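What the coordinates show
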Amino acid sequence: MEPLKGLCTIVTPDLALEQFAEQHAAELNPANAIHGGEQVSGVFNTQRRWPNGMILRVHFLDGDPAVHKRVEPIAHEWSQYANIKFQFGAGPDAEIRVAFNPNVGSWSYMGTDCSLPQLAGKPTMNLGWLRPETAETEYRRVVLHEFGHALGLIHEHLSPKAEIPWDEEKVIAYYRRTNGWNEAYIRSNVLALPEADEFTAFDTKSIMLYPVPRELTKGGYEIPWQNSELSEVDKEFIAKIYPFPA
Ligand SMILES: [Zn+2]
């Protein structure tokens, strides 16, 4: 079975790194250490924000230059709404390191986790199903979405209001095969709700609402693939999180 298109995973550092990841986030941006603060977004992990105004360097670890060329301008669209810039071609010590391994689907680490020193040299994002001939709408869905994770956004479909009837056995078998993860890791990354997140409205137009394939759910449940643009709410959220100077 090919990696299921549309399925995406936020990757979190493994247990041994988790506490360090929190410290790292707080060092980079002291606001990350404040719990229960201002709730600016239903889909934002308040503990992994980059410092506002940061230039995030991006490095392609592998992949086709024709694909790289199409990824870059799409990622930059976030910078129209967020006071964050992506600097491509930055070299291997970049904060965001993108791989194109076709066997492991699409995923990204969240926000400041990308720059954990323990992950140096390793991919922080995988864009597994983009090819030079892939349609532009598919590029937009995947690139806007994964760079949303890199900015610290989580999945809209993780809203408790979206209650997804995952077929847990199939989900575990799938990620074991595609990513080589063990059950505990799959449970905390795919099936569990992220900690410390509160959800406000459920935005069905969000780029962060990723489809849920029926192959991994019970009773034929699926969220079809629909959004390939930033929603109005996405733009407002990210502008609040990374505001431009007045
Ligand atoms: Zn995702």
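Above this text you will find the structure in question.
Residues numbered from 1 in each chain as written. Predicted model: local features only at pLDDT ≥ 70, side-chain atom pairs only at ≥ 80, totals over all residues.

Observations concerning the overall build of the protein
Secondary structure assignment for the protein yields six helices and six strands. Reading the helices (α) and strands (β) of the protein from amino to carboxyl end gives β-α-β-α-β-β-β-β-α-α-α-α. Looking at the protein residue by residue over its 246 residues, the buried ones come to 40%. In the protein, once contacts between residues fewer than 6 apart in sequence are set aside, the share between residues at least 24 apart is 78%. (Helix = DSSP H or I, 4+ residues; strand = E, 2+ residues; numbered from the N terminus. Buried ≥ 20, exposed ≤ 12 C-beta atoms within 10 Å, placed from the backbone. Contact = placed C-beta atoms within 7 Å.)

Quick notes on the nonpolar core
Across soluble globular proteins, nonpolar side chains have a tendency to be buried as a group. Membership of the largest hydrophobic core comes to 43 residues, with the highest contact counts inside it found for Trp-78, Ile-84, Ile-96, Leu-127, Phe-147, Leu-151 and Ile-238. Among the secondary structure elements, those contributing two or more residues to this core are strand S1 (8–11), strand S2 (55–60), helix H2 (65–76), strand S4 (96–99), strand S5 (106–109), strand S6 (125–127), helix H3 (136–150) and helix H6 (232–241). Ranked by the residues each element gives to this core, the list is headed by H3, at five residues. Once residues lying within four places of it in the same chain are set aside, the contact partners of Ile-96 are Leu-56, Arg-57, Val-58, Cys-114, Thr-124, Met-125 and Ala-150. Of all hydrophobic cores here, the second largest spans seven residues; its members include Tyr-174, Trp-181, Ile-186 and Leu-216. (Core = buried A, V, L, I, M, F, W, Y, C linked by C-beta atoms within 7 Å.)

Details of the pairing of S5
Residues Ser-106 and Ser-108 point to one face of S5 and Trp-107 and Tyr-109 to the other, with burial holding for every one of them. As paired elements, S1 and S5 share four bridges and run parallel to each other. Bridge pairing links Val-11 to Tyr-109 in S5. (Pairing = 2+ DSSP bridges.)

Description of the pairing of S2
Alternating residues of S2 divide into Leu-56, Val-58 and Phe-60, all buried, and Ile-55, Arg-57 and His-59, none buried. In terms of strand pairing, S2 meets strand S3 (residues 85–88) through four bridges, oriented parallel. When the bridges of S3 are listed, Ile-55 appears paired with Lys-85. Between the parallel elements S2 and S3, the chain passes through H2 in a crossover that is right-handed. Across three bridges, S2 lies against S4 in parallel orientation. (Right-handed = clockwise from strand over helix to strand, strands pointing away.)

What to know about helix H4 (residues 168–179)
Taking 1.5 Å per residue as the helical rise, H4 with its twelve residues ought to reach 16 Å, and the 16 Å between its terminal C-alpha atoms agrees with that figure. Listed in full, the buried residues belonging to H4 are Ile-172, Tyr-174, Tyr-175, Thr-178 and Asn-179. Summarising the axial view, the buried residues of H4 lie within an arc of 160°, below the 170-degree limit, and thus occupy one face. What points out from H4, more than 90 degrees from its buried face, is the exposed set Glu-169 and Arg-177. (Expected span 1.5 Å × (residues − 1). Arc of directions from axis to C-beta.)

Considering the packing of H4 against helix H5 (residues 183–191)
Between H4 and H5, whose axes approach to 10 Å, the crossing angle comes to 110°. The orientation of H4 with respect to H5, classified from their angle, is roughly perpendicular. Where H4 crosses over H5, the two elements pack in a sense that is right-handed. Touching Glu-168, Val-171, Ile-172 and Tyr-175 of H4 are Glu-183, Ile-186, Val-190 and Leu-191, all from H5. The class makeup of the residues in the contact of H4 with H5 is six nonpolar, no polar and two charged. (Axes fitted to C-alpha atoms, helices over the stretch in contact; angles between N-to-C directions. Parallel < 35°, antiparallel > 145°, perpendicular 65-115°, else oblique. Left-handed = near helix turned anticlockwise from the far one by under 90°. Nonpolar A, V, L, I, M, F, W, Y, C, P; charged D, E, K, R; others polar.)

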